[in-house]
Amino acid sequence: MLTTLKTNFALARAFAYDFLRYRKFSFVLRQTSRDNRRAIIRIFAHYLEGGMCFPEVRLGYGQDKSRSVIEKLRSYTQDFGVDETVVWAMATLESYFDFHRGRGFDLSALEAEFRQLSGEMDLTEIEGCGGFETVTADQIQASGSVDFEQFLRQRHSVRQYSGDSIDQETIRKIVKNAQQCPSVCNRQACRVYAFTDPQDVQTVLAFQAGNSGFHQEIRTLFVVTANIGEMNLIGERYQGWIDGGIFAMTLALAIHAEGLGACFLNWSTEPGQDRALRRCLGIGDEELVITMMAAGQLKSEFRVPVSHRKTLDEVLILDPPLS
Ligand SMILES: Cc1cc2nc3c(=O)[nH]c(=O)nc-3n(C[C@H](O)[C@H](O)[C@H](O)COP(=O)(O)O)c2cc1C
């Protein structure tokens with residue numbers, strides 16, 4: 001009875017820990033931080049981009065959002081200058097106005113506001129940084145010609161590594177590739193803390209419970225986080241975890257694609273442990289710690305668990321009846 005009560009209390013406290021973070025740093029209540037303001041611009045830019053990619057484009061869509069994003073861009077750049085979000089949004093607006101002009105739809109008054117803003121900014125080449133691009137089925141299918149089934153089947157959680165570390169250039173390439181994963185409204189809220197110093201790796205690993213028996217082999221360690229300052233709405237309260245999971249999986253595949261090994265290391269912890277890691281790594285309160293991930297060079301031969309999968313029928317519910 002006492003144990004049940006204690007567990008209930010600890011569970012409620014853990015939910016409160018997440019609730020308070022989400023309420024404070026997301027913009028469910030107010031848009032104050034740079035992250036919040038950047039995310040709003042990204043939401044609007046994403047809307048304008050997406051609208052040009054529907055089979056039938058409703059010309060004139062998004063005028064209120066364009067006006068609003070122009071205002072937000074002006075105040076954002078006054079406070080923070082030009083960053084990649086600004087570049088993306090400005091390139092998207094450029095494309096949006098071109099798209100309408102090219103189809104004879106008059107947005108000249110709104111475009112004049114955009115041109116004025118553009119003239120106030122110190123923007124270099126932004127062509128191709130936003131809007132839409134035309135791709136072909138051939139292009140996409142050619143890139144899919146890798147044997148993806150084999151690629152996936154040959155990915156294993158690797159718990160033995162050779163003593164060699166992964167060089168920084170490869171780490172950059174891996175993370176750059178992981179950045180190609182999808183994210184809600186292209187908000188790209190994830191970050192990666194990468195550790196290569198052997199002592200630092202062991203210090204960080206000491207916070208995590210699932211590496212005993214192989215931590216001594218780990219030379220490279222990633223910590224994936226998601227910034228909830230980029231999240232909005234009550235409905236997005238778990239979006240950071242979702243986007244974080246998608247990012248982390250892409251990171252694991254990017255490591256595998258380099259011929260290296262990786263192993264997720266769960267961050268399924270309670271608040272005290274989470275706080276301790278944050279303090280040590282200097283992770284901001286606005287970030288969720290999603291997972292750690294070990295990585296390293298492969299030995300020429302080593303054992304991995306079979307990790308037998310469930311049957312397809314347990315996983316795939318095809319065309320279930322609707323009521
Ligand atoms: C989010 C997540 C957390 C994990 N945490 C650990 C961990 O702490 N320690 C570990 O040895 N493996 C960990 N794993 C690896 C799983 O045990 C492994 O993915 C699973 O058994 C399937 O094996 P496979 O990855 O080789 O296909 C984790 C995997 C995921 C997705």
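Thresholds, definitions, all that
- Residues numbered from 1 in each chain as written.
- Predicted model: local features only at pLDDT ≥ 70, side-chain atom pairs only at ≥ 80, totals over all residues.
- Heavy atoms only, no water.
- 1 Å grid on protein atoms, 1.4 Å probe; cavity = no way out; pocket = protein on both sides within 12 Å on 5 of 7 lines; lining within 4 Å.
- Points joined across faces, edges and corners; volume = space filled by probe spheres on them.
- Helix = DSSP H or I, 4+ residues; strand = E, 2+ residues; numbered from the N terminus.
- Core = buried A, V, L, I, M, F, W, Y, C linked by side-chain atoms within 4.5 Å.
- Buried < 20%, exposed > 50% of the residue type's maximum accessible area, 1.4 Å probe, protein only.
- Domains from an automatic or database assignment.
- Contact = heavy atoms within 4.5 Å.
- Salt bridge = Lys/Arg side-chain N within 4 Å of Asp/Glu carboxyl O.
- Pairing = 2+ DSSP bridges.
- Axes fitted to C-alpha atoms, helices over the stretch in contact; angles between N-to-C directions.
- Near = heavy atom within 4 Å.
- Polar contact = N/O pair within 3.5 Å; in protein donor to acceptor, adjacent residues only side chain to side chain.
- Areas by Shrake-Rupley, 256 points an atom, 1.4 Å probe, with all protein chains shown as cover.
- Nonpolar A, V, L, I, M, F, W, Y, C, P; charged D, E, K, R; others polar.
- Buried area = accessible area lost by both parts, 1.4 Å probe.

To continue, consider the layout of surface pockets. One water molecule sets the probe size; rolling that probe over the atoms shows where empty space is left. Reported here for the largest pocket is a volume of approximately 900 Å³. Along the wall of the largest pocket there are 26 residues; nearest its centre are Arg42, Gln179, Asn186, Arg187 and Gln188. Those elements that place two or more of their residues in the lining of the largest pocket are α2 (34-51), α4 (84-102), α8 (168-178), β1 (190-195) and α10 (239-257). By residue number, the principal contributor to the lining of the largest pocket is α4, which donates four residues.

If you look at the biggest cluster of nonpolar residues, it comprises 58 residues, and the most contacted ones within it are Leu73, Met90, Leu93, Phe222, Leu251, Ile255 and Met293. Element by element, the count of residues in this core is highest for α4, at ten residues. Of the residues that make up this core, three or more belong to each of domain 1 (20-120) and domain 2 (148-296). Apart from residues no more than four positions distant in its own chain, methionine 90 is found in contact with Leu73, Phe114, Leu117, Ser118, Met121, Leu123 and Ile126. One finds Tyr193, Leu205, Leu221 and Val289 within the second-largest nonpolar core, a separate group that totals 21 residues.

A word on the pattern of salt bridges. Per the counting criterion, the structure on display carries 18 salt bridges. One salt bridge connects glutamate 120 with arginine 74, and the closest N-O pair in it is separated by 3.1 Å. With glutamate 120 in helix α5 (residues 108-120) and arginine 74 in helix α3 (residues 63-80), the pair connects residues that are 46 residues apart, well separated along the chain. A residue is classified by how much of its surface remains accessible, and arginine 74, at 24% relative accessible area, is partly exposed. Among the ionic pairs, arginine 101 bridges to aspartate 98, the shortest N-O distance being 3.0 Å. Of the two residues, arginine 101 and aspartate 98 are both situated in helix α4; the distance of three residues between them amounts to about one turn of the helix. Take arginine 101: its relative accessible area is 44%, and that puts it in the partly exposed class. Via salt bridges that share partners, Glu94, Asp98, Arg101, Glu111 and Arg115 belong to a single interconnected network.

This part covers the sheet that holds β1. The four strands lie next to each other as β1-β2-β4-β3, forming an open sheet whose pairing is antiparallel. Since the sheet does not close on itself, it has two edges, and those belong to β1 and β3 (261-266), each with one partner. Averaged over all pairs of adjacent strands, the angle between their axes in this sheet comes to 25 degrees, without regard to strand direction. Pairing of β3 with strand β4 (residues 287-296), which is carried by six bridges, proceeds in the antiparallel orientation. Bridge pairing in β4 places phenylalanine 264 opposite methionine 293.

A few words now on the site of the ligand. Residues in contact with the ligand amount to 13 residues; listed here are only the nearest, Ser157, Arg159, Gly210, Asn266 and Arg309. Contact between the ligand and asparagine 266: an oxygen atom at 2.9 Å from a side-chain N or O atom of the residue. When the free accessible area of the ligand is taken as 620 Å², the share hidden by the protein chains comes to 66%. Here the shell around the ligand is built from residues that sort into four nonpolar, six polar and three charged.

So, on to the domain arrangement of the protein. According to the domain assignment, the protein contains domain 1 (20-120) and domain 2 (148-296). Each of domain 1 and domain 2 was reduced to a C-alpha centroid, and the two centroids are 31 Å apart. Taken together, the 14 residues of domain 1 in the interface contact 20 residues of domain 2. Where domain 1 abuts domain 2, roughly 1,500 Å² becomes buried across the two surfaces, and 56% of that area is made up of carbon and sulfur atoms. Put simply, domain 1 and domain 2 have two salt bridges between them. The partner of arginine 38 in a salt bridge is glutamate 230, with the nearest N and O atoms 3.4 Å apart. The tally of links from domain 1 across to domain 2 stands at ten residue pairs in polar contact (both at pLDDT 80 or more). Counting residues per element, the ones that place at least two in the side of domain 1 that touches domain 2 are α1 (2-25) and α2.

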